[in-house]
Amino acid sequence: MLDMARLDVVETFHGLFFPGHLHTQDSLQLALKFPFQDTDIIIVSYPKSGTTWMQEIVTLISSRGDPHVSRSVPNWARAPWLEHHYFAALLEASPTTPRVITTHLPHHLLGPTLQGSKAKVIYVSRNPKDVVVSFYHFHKIAKFLPEAGSFSEFLNRFLKGTLHYGCWFDHIEGWTRQKATMNNLLHISYEEMSMDIQGAIKRVSSYLQIPLMEDEVNNCVKHCSFSSMKDNKMANYTLVTEEIMDHKKGFFMRKGIGDWKNMFTEELNQYFNSVLESKMVDSTLEFTWDEQ
Ligand code: A3P
């Protein structure tokens, strides 16, 4: 289904870059015209923010903590990416009810499509310092992404918003600004999930109106833990062939929380903080991550 001849192709769409073996102009255009159903669940995130974790959580909540689906169907088939060129085929074959759809598209592109829809959006965010470190390591294993270069170069590209999938600041601002006006958007952070996964699962299940018994919540907690997902080939991306991901260079399920402290020098940290402050000056977002 993947177009290997397009592994090096960069698809440019509305000024943003996307990997060409997953995206085409047609697939991106179709994403913006997709007829969402009110029962749809849409997981939205900037890459490396905890997307796969939320896919696992939503799958488990939908199956009341039973890991059968999450352990037998790859995450990209049970919660397919809206903008990928094989989306329609996967969605049709998806075993998940209600439908679970994933996207990395920014709000300025997808927002108009969702206007008036009652589909339930779950926006997952993460400390941008951990996002950039995770994305940097992912560039080293993902053969469909450009060379990462040095970490400081990569960090500059992240801050300028020139990496694939666009600018983190625009992404988080665009989606979370909708929270005030949309009843159907739940914003949850990676850090919140790390600090209190039980509470996070209850929050998501209540938002999705799938009330769970305590033992069902506990089963969700067990099967979406870092160690359980690292072992689950339906979630850890080891099913992806070597032509696409160089598994010798690292793991998708890498470290989890707080690794930025091992990559940022004091100077990079100050620089990052100053850009963050200036870009988010008008933001009402309250970040939940630990800066200690
Ligand atoms: P690291 O590279 O920092 O380890 P995404 O799914 O959006 O691409 O995000 C991937 C990041 O989420 C990776 O971060 C991965 O390890 C982390 N992740 C995935 N499942 C997780 C879980 N159950 N607990 C904690 N972190 C998880």
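Above this note sits the structure.
It should be emphasised that the depicted structure is a prediction, and the values quoted were computed from it without experimental measurement.

Visitor: Tell me about the site of the ligand, residues and numbers included.
Guide: Taken together, the neighbourhood of the ligand is formed by 18 residues, with Thr51, Thr52, Ser134, Tyr190 and Lys255 sitting nearest. Thr52 has a polar side-chain atom sitting 2.5 Å from an oxygen atom of the ligand. Here an oxygen atom of the ligand sits 2.6 Å away from a polar atom, N or O, in the side chain of Ser134. Protein coverage of the free-state accessible area of the ligand, which is 570 Å², stands at 95%. Breaking the shell around the ligand down by element, the ones donating at least two residues are α2 (51-62) and α13 (226-231).

Visitor: With reference to specific residues and values, describe the nonpolar core.
Guide: Counting 90 residues, the largest nonpolar core has Met54 and Ile122 as the members making the most contacts within it. Considering each element in turn, this core owes the most residues, seven residues, to helix α7 (residues 128-141). Of all hydrophobic cores here, the second largest spans six residues; its members include Leu22, Val69, Tyr86 and Leu90.

Visitor: Before we move on, can you summarise the sheet that holds strand β6 (residues 185-189) with the specific residues and values?
Guide: Pairing is parallel in the open sheet, where four strands are placed in the order β4-β3-β5-β6. The sheet is open, and its two borders are formed by β4 (100-103) and β6, each paired with just one other strand. Strand after strand, the sheet turns through a mean of 20 degrees between neighbouring axes, direction not considered. Summarising the sheet, strand β5 (residues 120-125) and β6 pair through five bridges and their orientation is parallel. The residue bridging Val121 from the neighbouring strand is Leu185, located in β6. Set on the sheet, helix α11 (residues 197-207) makes contact with β5 and β6; between it and β6 the angle comes to about 170 degrees.

Visitor: Describe the pairing of β5, and please don't skip the residues or the numbers.
Guide: Burial analysis of β5 places six of its six residues in the buried class, the great majority of the element. Alternating residues of β5 divide into Lys120, Ile122 and Val124 and Val121, Tyr123 and Ser125, and every residue in both groups is buried. Both strand β3 (residues 41-45) and β5 contribute to a ladder of five bridges, which runs parallel. Across the sheet, residue Ile43 finds its bridge partner in β5, namely Ile122.

Visitor: Describe the environment of Met245, with residues and values.
Guide: Its location among the elements puts Met245 in the loop between α13 and α14 (260-263). Spatially, the C-alpha atom of Met245 lies 33 Å from that of Ser205, the residues being 40 residues apart in sequence. Those residues within four positions of Met245 in sequence are excluded, and the remaining contacts are Phe138, Ile141, Ala142, Phe144, Tyr237, Val240 and Phe252.

Visitor: Break down helix α15 (residues 266-279) for me, with residues and values.
Guide: Since the α-helix advances by 3.6 residues per turn, residues separated by three or four positions end up pointing in the same direction. With 14 residues, α15 extends 20 Å from end C-alpha to end C-alpha; this agrees with the ideal 20 Å at 1.5 Å per step. Listed as buried for α15 are Leu268, Asn269, Phe272, Val275 and Leu276. Within α15, the buried residues cover an arc of 135 degrees as seen down the axis, which keeps them to one side. Residues of α15 that are exposed and point over 90 degrees away from its buried face: Glu266, Glu267, Gln270 and Glu277. Of the surrounding elements, those touching the buried residues of α15 are α7, α8 (151-160), α9 (168-176) and α14.

Visitor: Go over the state of the cysteines, please, and point to the residues and values.
Guide: Within the structure shown, the criterion is met by zero disulfides. Cysteine Cys220 is unpaired, with the sulfur of Cys224 as its nearest cysteine sulfur at 7.1 Å. Judged by relative accessible area, Cys224 falls into the buried class, the value being 1%.

Visitor: Account for the side chain of Asp40, with residues named and values stated.
Guide: The topology assignment puts Asp40 in the loop between α1 (25-31) and β3. There is a polar contact of 2.8 Å between the side chain of Asp40 and the backbone nitrogen of Gln37. A polar side-chain atom of Asp40 sits 2.8 Å from a polar atom in the side chain of Arg99. Discounting residues that sit within four places of it in the chain, Asp40 has contacts with Phe34, Arg99, Ile101, Ala119 and Lys120.

Visitor: I'd love a proper account of the packing of aromatic side chains, names of residues and values included.
Guide: Using the criterion set out here, one finds 19 aromatic pairs in the structure. Seen from their ring centres, Phe264 and Phe272 are 5.4 Å apart, and the 70 degrees between their planes marks the pair as edge-to-face. The residues Phe264 and Phe272 share a single accessibility class, namely buried. An aromatic cluster is present here, built from Tyr46, Phe135, Tyr136, Phe151, Phe154, Phe158, Trp260, Phe264 and Phe272 joined pairwise through their rings. Directly above the aromatic system of Trp260 lies the positively charged group of Lys129, at a separation of 4.4 Å from the ring centroid. Between the NZ or CZ atom of Lys230 and the centre of the ring of Phe251, over which it lies, the distance is 4.0 Å.

Visitor: Describe the packing of α11 against helix α12 (residues 214-223), listing the residues and the values that go with them.
Guide: Interhelical geometry of α11 versus α12 gives an angle of 115 degrees and a closest axis separation of 10 Å. Viewed along their axes, α11 and α12 form a crossing whose handedness is right-handed. Counted together, Ile197, Gln198, Ile201 and Lys202 of α11 and Glu214, Val217, Asn218, Cys220 and Val221 of α12 form the full contact between these two elements. Looking at the contact of α11 with α12 residue by residue, the class counts come to five nonpolar, two polar and two charged.

Calculation notes
- Residues numbered from 1 in each chain as written.
- Predicted model: local features only at pLDDT ≥ 70, side-chain atom pairs only at ≥ 80, totals over all residues.
- Heavy atoms only, no water.
- Near = heavy atom within 4 Å.
- Polar contact = N/O pair within 3.5 Å; in protein donor to acceptor, adjacent residues only side chain to side chain.
- Areas by Shrake-Rupley, 256 points an atom, 1.4 Å probe, with all protein chains shown as cover.
- Helix = DSSP H or I, 4+ residues; strand = E, 2+ residues; numbered from the N terminus.
- Core = buried A, V, L, I, M, F, W, Y, C linked by side-chain atoms within 4.5 Å.
- Buried < 20%, exposed > 50% of the residue type's maximum accessible area, 1.4 Å probe, protein only.
- Pairing = 2+ DSSP bridges.
- Axes fitted to C-alpha atoms, helices over the stretch in contact; angles between N-to-C directions.
- Contact = heavy atoms within 4.5 Å.
- Expected span 1.5 Å × (residues − 1).
- Arc of directions from axis to C-beta.
- Disulfide = S-S within 2.5 Å.
- Phe/Tyr/Trp six-rings, centres within 6.5 Å; stacked < 30°, edge-to-face > 60°.
- Lys NZ or Arg CZ within 6 Å of the ring centre and 35° of its normal.
- Left-handed = near helix turned anticlockwise from the far one by under 90°.
- Nonpolar A, V, L, I, M, F, W, Y, C, P; charged D, E, K, R; others polar.

Purely geometric stuff here, so don't read any function into it on its own.
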